[in-house]
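Read off the chains here:
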Amino acid sequence: MPANDPLQDAKRQQTLKRLKILDTPEEPIYFDAVLLAAKLCNVSAAAIGFPDGEREWFKSQVALELTEVPRTSSFGHAATTLGEPLRVGDAPADPRFSTSPLVSGKTRFRSCLAVPVWADGIAIGALEVFSALPEA
């Protein structure tokens, strides 16, 4: 995982708290964004997630059975920390993500594209698409 900048992480956490987005019900605008991302990328699974504390919580999702994953193996946390898109072509072979429940659990995703979501100049989360196939 990219190194965390404690100051940036604190700012992100403050922004999420101010926006009152965590642990709230799904909203149509988020679901529409997730569904559109899945369709545009021709995959069945997508989510918009926000790293918080020890987890990445999914505000909205398509074809995921989880509402959160550990932050330590989170694609969204990595993209948020990088502040730029993240492509992972073979997640089981990547030590950063091989233990993620999205990779080693029931869903067994092989690849992911995660794009940061920004607010107030801070990457606060990520829009993510997942595939059971490795990236070509």
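A brief report on the enclosed structure follows. (Residues numbered from 1 in each chain as written. Predicted model: local features only at pLDDT ≥ 70, side-chain atom pairs only at ≥ 80, totals over all residues. Heavy atoms only, no water.)

### With respect to the sheet that holds strand β3 (residues 68-70)
Thought 1: One open sheet accounts for six strands, arranged β3-β2-β1-β6-β5-β4; its pairing is antiparallel. In the strand order of this sheet, the two ends are held by β3 and β4 (86-88), each with one partner. Each strand of the sheet is rotated relative to its neighbour by a mean of 25 degrees, with strand direction disregarded.
Thought 2: Two strands pair when backbone bridges link them, and β4 and strand β5 (residues 111-119) are joined in this way by three bridges, in the antiparallel orientation. When the bridges of β5 are listed, leucine 86 appears paired with alanine 114.
Thought 3: Contacting β1 (45-52), β5 and β6 (122-131), helix α1 (residues 6-19) runs over the sheet at an angle of about 85 degrees to β6.
Thought 4: Contacting β1, β2 (55-62) and β6, helix α2 (residues 28-40) runs over the sheet at an angle of about 75 degrees to β2. (Pairing = 2+ DSSP bridges. Helix = DSSP H or I, 4+ residues; strand = E, 2+ residues; numbered from the N terminus. Axes fitted to C-alpha atoms, helices over the stretch in contact; angles between N-to-C directions. Contact = heavy atoms within 4.5 Å.)

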